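The lines below spell out each chain.
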Amino acid sequence: MPARILLIDDEQGFVETMAKRLEMRNYPVSTAFNAQEGLDTLSKVTIDVVVLDVKMPGMDGIEALARIKAEHPLVEVIMLTGHATVENAIEGMKRGAFDYMMKPCDMDGLLAKVDEAYDKKVAHEDRILEARARHIALRRGV
Amino acid sequence: MSDHQYYHGLAKSMMATIVLVSIAPLFIIALIAGYQYSVAYEEKVEAHLRELVLKHDQSVDVFLEEKIAEIQVLAEVVGVNRLQDEDGLKKLHDVLVRMHGTDFVDLGLVNDKGIQEVYAGPYKLEGADYAEAEWFKDVQKRKVYVSDVSLGLRGVPHFIIALQMESEGRQWVLRTALDFIAFNKLVEDIRIGETGLAYIINKDAEFQTTPRRDMTGEMPLLRQLVKQVDNSSKLGRGRAAMTIEADPVTGENIIFVTSPLKSGEWLMVFQQEASDVFSALNRTRNLLIVMVLLGGISIGAMAYLMSRRMARKVELSDMEKEMMNEQVIEAGKLASVGELAAGIAHEINNPVAIMVEEAGWIQDLLDEGLNKDDNEREVQRALNQIRNQGVRCREITHKLLSFARKIDPTVEEISLNDMVQEMAEFCEQRARYANVLIETSLADSIPAVEGSASELQQVLLNLINNAIDAMDPGGGNLDIMTRVEDQNVVVSISDTGVGIPQANLSRIFDPFFTTKPVGKGTGLGLSIIYGIINKMDGEISVKSIVDQGTTFTIRLPMAEGNPDNVEQGEG
């Protein structure tokens, strides 16, 4: 099953077209046009990878990242940035983003990153499941 | 050009200062030194003249007294009896002539009737009757008599010393004529300078010595001089009294030094033209004047050259300053453009990203086949989107280009409203990301202002950028207002940002003052704004409350020739 993706960007045209292209490639996609909307979607829909614009009016990408990581620690975030905000994107990675991409990005590169992020998330989840199983087994004294 | 006049005036005032500062001391020194010198010199010359006259009047007096004493001794020692003897008298006269040269011209014994009974000398004067002579009458009263100089009976200038003697109840008078030449020499030898001469006159201003030159023209003056002696004015009373009179002949000032002789009967006079007396002083004065004149000329020339050179230097340094100023403005502009670049890059990246996506989408659809579903319509939509985003890019780049062209200081009429609108739009994207809402409230029919459009653009952009920075993070409202106030066009830019602490308010326009971290701000923005506004004859003021916001207000004079501005004329 492919990664469930959430696109958060204030450029409506960009988000919509990219969503269509991702859907064509069989990725389930949700969209949001600002950070708050994205957070709302995250709490309603199960999402694996968030593609997050750094520079947005209202809450910016860095703050949104912090909120996402706080509320949904397993969700991987890829920062999307214009050249001028590369530093911000790197700052985001320090705070737990998976990677960053520069606008305009090409589809294959993005998908490769999304898949990597998704694999990482799945690996994370598997390890958590394993740990949980071991924990239960230990408790039962097997 | 008025610049030229300015530097010309500068050179002139510098020259005046240099000349004044250098010539004034020169003059003062020349005046003081000259005055002191002339006073000292005059005193010295006067003292010298007095001394001269004193010495000579003394020697004349001594001469007279000596002669009188000699005759007296002669009379006492020899006695009348021997004098009555003609041979004895002759012998006596011979002795006198041998001892005293020709001083004693002759000797004679006159009886109480005034008849010269015995005579020894070169003339035949035996039996001469002096009964009516002045001196004979006088000697009866005074015992000793010294006459004025006269031609007498023999027609040769001489003077007489007469002595009364008594023998066996009879009165005798011993008289001797003294040669005038010897006596004259005493006085005549006094000669100083070209016009200095000495002579002796009696109470009737008759010459007792022969003056070296003809004095007839000066006689009235001399008479007056003698009269003054009688009038017991200071002249003539004291020994070596000095007076200055104008010569009736030449009109020159003449210095007279007078001293009474012969118990005031004669007057020794030394006279010299003042210009002659003080010729050395005059020479010195002329030299001083020439020196001051030459000094003044050389100072003037130096001052002229120096002031011209200095004015030229000032002009050059002003030009350099102007160039520096332009460079600083340019640098400030680059800085503010650099600040913008971040926002602009992002602004352009967004539409480019959309275009890339749309292009990719079209590619996807083409792969799928255009006849499927409504793929063709979707391609049309995508193409439209690409065109729209391209137009968006073009607008951004055009704005950027219009702003980033080289600073053009040409003065033109600027519509402030249009410019505010333009700059507000220009900054809108940046403001949006900073959560700042820009609102403009522009008064209708704002008159034009005069200035360089690109410079004014820079002012507005800088202030808007500052305002946005002041509200970062968190955002706020940025209000830009234009209005007309007292013949001024006013723009105020208010933010709801952090405000400026009171301590910093007075320094914000200083060059290089910045509160931003190193590398973030040049500290030149506001000082450049200040410079530009000043150049436009405008004013910039600031009001700020910490944590509530800051308002910058710019007042610019209306452009001349504006209809609202006509009555005011050149304000």
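Our structure's up above, just so we're on the same page.
It should be emphasised that the depicted structure is a prediction, and the values quoted were computed from it without experimental measurement.

Q: Go over the overall build of chain A, please, and point to the residues and values.
A: Per the secondary structure count, chain A includes 5 helices and 5 strands. In sequence order, chain A lays out its α and β elements as β-α-β-α-β-α-β-α-β-α. Burial statistics for chain A: of 142 residues in total, 47% are counted as buried.

Q: Summarise the overall build of chain B; cite the residues concerned and give the values.
A: Scanning chain B from terminus to terminus reveals 13 helices and 16 strands. Across the 571 residues of chain B, 44% fall into the buried class. Of the contacts made within chain B by residues no fewer than 6 positions apart, 62% connect residues no fewer than 24 positions apart. When the accessible surface of chain B is split by element, carbon and sulfur atoms take 55% of a total near 30,600 Å².

Q: Hey, could you go over a negative patch on the surface for me, with residue numbers and the actual values?
A: Residue and element names in this part refer to chain B. Together, Glu395, Asp418, Glu422, Glu425 and Glu428 give the surface a local cluster of negative charge. Per-element tally for the negative patch: the top contributor is helix α10 (residues 416-433), with 4 residues. Tracing the backbone through its elements, the reader meets Glu425 in helix α10.

Q: Tell me about the nonpolar core, and please be specific about residues and values.
A: If you look at soluble globular proteins, the nonpolar side chains tend to sit buried side by side. Residues and elements named next belong to chain B. Leu174 and Phe183 are the most contacted members of the largest nonpolar core, which totals 51 residues. Broken down by element, this core gets its largest block of residues, 15 residues, from helix α1 (residues 2-84). Those residues within four positions of Leu174 in sequence are excluded, and the remaining contacts are Ile71, Ala75, Leu83, Leu107, Gly108, Leu109, Ile161, Ala162, Leu163 and Met165. Core analysis: the second largest hydrophobic core is formed by 47 residues, Val436, Ile438, Ala453 and Val491 among them.

Q: Which residues make up the pairing of strand β1 (residues 5-8) of chain A, and what values do they have?
A: Residues and elements named next belong to chain A. What you see with β1 is no split at all: Ile5 and Leu7 on one side and Leu6 and Ile8 on the other are buried throughout. In terms of strand pairing, β1 meets strand β2 (residues 29-32) through 4 bridges, oriented parallel. Across the sheet, Ile8 pairs through a bridge with Ala32, a residue of β2.

Q: Any details on helix α3 (residues 61-71) of chain A? Residues and values, ideally.
A: All names here are of chain A. The set of residues buried in α3 consists of Gly61, Ile62, Ala64, Leu65 and Ile68. Down the axis of α3, the buried side of the element spans an arc of 160°, and every buried residue falls inside it. Summarising the contacts, the buried residues of α3 are in contact with α2 (35-44), β3 (49-53), β4 (76-81) and α4 (86-94).

Q: Account for the sheet that holds strand β7 (residues 241-246) of chain B, naming residues and giving values.
A: Residues and elements named next belong to chain B. Taken in spatial order, the 4 strands line up as β6-β9-β8-β7 in an open sheet, and their pairing is antiparallel. Each edge of the open sheet carries a strand with a single partner, namely β6 (197-202) and β7. Here the strands of the sheet are splayed against their neighbours by 30° on average, with no regard to which way each runs. Pairing of β6 with strand β9 (residues 266-273), which is carried by 6 bridges, proceeds in the antiparallel orientation. Bridge pairing in β9 links Ile200 to Met268.

Q: Outline the interface of chain A and chain B, supporting the account with residue identities and numerical values.
A: Contact residues are listed per partner, giving 23 residues for chain A and 23 residues for chain B. Buried surface at the junction of chain A and chain B, both sides included, amounts to about 2,100 Å², of which 56% is carbon and sulfur. Across the pair Arg21 of chain A and Asp364 of chain B runs a salt bridge whose closest N-O atoms are separated by 2.8 Å. One can count 10 residue pairs in polar contact (both at pLDDT 80 or more) joining chain A with chain B. At 7 residues, the largest contribution of residues to the side of chain A that touches chain B is made by helix α1 (residues 12-24) of chain A. Partitioning the side of chain A that touches chain B into residue classes produces 9 nonpolar, 6 polar and 8 charged.

Q: Tell me about the sheet that holds β3 of chain A, and name the residues and values.
A: All names here are of chain A. Ordered in space as β2-β1-β3-β4-β5, the 5 strands form an open sheet in which the pairing is parallel. One side of each edge strand has no neighbouring strand; the edge strands of this open sheet are β2 and β5 (99-102). Taken over all neighbouring pairs, the strand axes of this sheet differ in orientation by 20° on average, direction set aside. As paired elements, β4 and β5 share 4 bridges and run parallel to each other. Bridge assignment links Thr81 to a residue of β5, and that residue is Met102. Lying on the sheet, α2 is in contact with β1, β2 and β3; it crosses β2 at an angle near 145°. Together, β1, β3, β4 and β5 form the strand contacts of helix α5 (residues 107-140), whose direction differs from that of β4 by roughly 155°.

Calculation criteria
All chains use their own residue numbering, which begins from 1 and follows the written sequence. Written order decides the labels, with chains lettered from A and ligands numbered from 1. Note on the predicted model: pLDDT of at least 70 is required for a residue's local features to be given, and 80 or more for side-chain atom pairs to be given and counted; whole-chain, interface and lining totals, by contrast, use all residues. With hydrogens and water stripped out, all remaining heavy atoms of the structure feed into the side-chain values. Put simply, DSSP marks the helices as runs of H or I at least four residues long and the strands as runs of E at least two long, and each gets a number from the N terminus on. Exposed residues in this analysis have more than 50% of their type's maximum accessible area, buried residues have under 20%, and partly exposed residues fall in between, with area computed by a 1.4 Å probe over protein chains only. Any two residues whose heavy atoms approach within 4.5 Å at even a single point are treated as in contact. The accessible surface values rely on the Shrake-Rupley method and a 1.4 Å probe; as for residues, cover is taken only from the protein chains in view. Patch definition: residues above 30% relative accessible area lacking any salt bridge, with like charges linked at up to 9 Å and the nonpolar side chains Val, Leu, Ile, Met, Phe, Trp and Tyr linked at up to 5 Å. Whenever a carboxyl oxygen of Asp or Glu lies within 4 Å of a side-chain nitrogen of Lys or Arg, that contact is scored as a salt bridge. Lys and Arg are tallied as positive, Asp and Glu as negative. Neither His nor the chain termini are counted. Where a charge sits is defined by one atom per residue type, namely NZ (Lys), CZ (Arg), CG (Asp) or CD (Glu). Take the buried Ala, Val, Leu, Ile, Met, Phe, Trp, Tyr and Cys residues and link them wherever side-chain atoms come within 4.5 Å; each set so joined is a nonpolar core. A pair of strands is treated as paired once DSSP finds two or more bridges between them. This arc is built from the directions going out from the helix axis to the C-beta atoms. Helix axes are fitted to C-alpha atoms over the stretch in contact, other axes to C-alpha atoms as well, and angles between N-to-C directions run from 0 to 180 degrees. Buried area: the accessible surface (1.4 Å probe) lost by two parts on joining, summed over both. Counted as a polar contact is a pair of N or O atoms within 3.5 Å, where, for protein atoms, one must be capable of donating a hydrogen and the other of accepting one, and residues adjacent in sequence contribute only when both atoms are in side chains. Residues were grouped as follows: Ala, Val, Leu, Ile, Met, Phe, Trp, Tyr, Cys and Pro as nonpolar; Asp, Glu, Lys and Arg as charged; and all remaining residues, including Gly, as polar.

Everything listed is a geometric property; what it means functionally is a separate question.
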